[in-house]
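Here's the letter readout for the chains.
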Amino acid sequence: MKKIILSLAMAAAIVSCNSSKTVDDPLAESGRTQRTENLLANLRKISANGYLIGHQDDPVYGVGWVGDSCRSDVKSVCNDYPALIGFDLGHLELGDSVNLDGVPFNRMREEIIRQYDRGGMVTLSWHLDNPLTRGSAWVKPDSLTDQEKQTVASVLEGGECHEKFLGWLDTLASFLNSLETPYGVKVPVLFRPWHEHTGSWFWWGQNLCTADQYKALWKLTEDRLKEKGVNNVLYAYSPGTEFAGDADKYLERWPGDGMVDVIGFDTYCTNNPEDTTAINNYRNGLDLGLKTICEIAKQHNVVPALSETGMESLGMENWWTEVLMPVLNKYPIAYVLLWRNAHDKPGHFYMPYPGQKTVSDFVKFYNDKRTLFVKDINGLYLQVN
Ligand code: BMA
């Protein structure tokens, strides 16, 4: 273990795995569970020590494997789990038993609880289908249909898909409420809905709804989840890179202070290791974007983070320590989430696995004092001193 932050006693969490509820799960004044508020409070101060390293779908599949237990490409490379694990809820709304990438929701729930028990954190995204066209979350930005452009309006009050959409939110609420340990603790998670909305490739994107409609969609989501008893969720707002350092643009569709706990943005590096111009553009965009959101975070009293990033296929040997880390180390962000290591899409991976060309550079990244993995962070949900 290279460093321990939030040096709080191990008192709270782990009681043996029997089925009786043996631990208190009190509510804070906000109506959310105390552990959820503790998580937020600890995220606010984590940057004094570093930032959590995250990986989407980390324990459920990786390059060359799927469905094994207690396996993770990250762990195979550095003998430690990511401090943050991301999962996607797409197709939960349809009542399916597996998500859009084939991850069984029951397994996802188990892994969320397991990540909590090992002291790590979970973030959830939602690539939900289009309720009006019945297509996927994605649209083609250059050939948007009228129906696609009506989708957000259709789920708002008075719209033809409103009731259907409320049903989808209720299904989501049931899942979030079901994230409970055998000893009676609702696991706090970070929910990041309606992401990359400054682009126009999802049905909630820039050219598919007005700013007011987007804000109404956000409010409807939070209000309904709250109404259905969801009290273990923090909310993250994460546009794409389109704001390009412009704070007003970043905030154009801001759901409102009090509605958001964490802010970030999603940005990806070119996958061509020869294209130095594109790599520099990524580096500069990352730098400017983080600078901007760290200022916004202070003004709006929220926590800044890098909500999605990565270099697909990791073709540049020292990408971790030469490109990503020097920029991240400049800013007080709480976490960075790297995207998934697909098992069924050759080349679609963002973390190294044994034998991958960036392994030794990733181990240097792992050993840097600011990069936080599970062994570094016991105490995220514990009482804040
Ligand atoms: C995208 C890709 C897709 C995947 C989707 C949701 O970025 O990884 O293959 O289906 O995310 O996880």
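Residues numbered from 1 in each chain as written. Predicted model: local features only at pLDDT ≥ 70, side-chain atom pairs only at ≥ 80, totals over all residues. Heavy atoms only, no water.

Student: Tell me what's going on with the packing of aromatic side chains, and back it up with residues and numbers.
Tutor: Taken as a whole, this structure holds 26 aromatic pairs when the rule is applied. Look at W194 and W204: their rings are 5.2 Å apart centre to centre, the planes differ by 70 degrees, and that puts the pair in the edge-to-face class. On the criterion of sequence distance, the pair formed by W194 in the loop between β6 (189–192) and α7 (211–227) and W204 in the loop between β6 and α7 is long-range, its members being ten residues apart. Here the two residues W194 and W204 agree in accessibility, since each one is buried. For the ring pair Y237 and W254, a centre distance of 5.2 Å and an interplane angle of 90 degrees mean the geometry is edge-to-face. One end of the pair, Y237, is in strand β7 (residues 233–237); the other, W254, is in the loop between α8 (247–250) and β8 (262–263), and 17 residues separate them in sequence. Accessibility classification places Y237 together with W254 in one group, the buried group. (Phe/Tyr/Trp six-rings, centres within 6.5 Å; stacked < 30°, edge-to-face > 60°. Helix = DSSP H or I, 4+ residues; strand = E, 2+ residues; numbered from the N terminus. Buried < 20%, exposed > 50% of the residue type's maximum accessible area, 1.4 Å probe, protein only.)

Student: Account for the confidence of the model for the protein chain, with residues named and values stated.
Tutor: On average, residues of the protein chain carry a pLDDT of 94, and 95% of them reach 70 or more. When the criterion is pLDDT under 50, residues 6–18 qualifies, and its contacts beyond four places in sequence or with other chains add up to 22 contacts. (pLDDT = per-residue confidence, 0-100. Contact = heavy atoms within 4.5 Å.)

Student: Mind laying out the pairing of β6, listing which residues take part and the relevant values?
Tutor: Burial along β6 is two-sided: the face carrying V189 and F191 and the face carrying L190 and R192 are both buried. Pairing analysis gives three bridges linking β6 to β7, with the strands arranged parallel. Within β7, the position partnered with F191 by the bridge is Y235. Handedness of the crossover is the feature at issue here: the chain leaves β6, passes through α7, returns alongside β7, and the resulting connection is right-handed. (Pairing = 2+ DSSP bridges. Right-handed = clockwise from strand over helix to strand, strands pointing away.)

Student: Help me get a handle on the pairing of strand β5 (residues 121–125), residues and values and all.
Tutor: β5 sits mainly inside the fold: five of its five residues count as buried. Of the two faces of β5, the one lined by M121, T123 and S125 and the one lined by V122 and L124 are each fully buried. Note that strand β4 (residues 84–88) and β5 share five bridges and pair parallel. Bridge pairing links F87 to L124 in β5. Once you follow β4 into helix α3 (residues 105–117) and on to β5, the crossover reads as right-handed.

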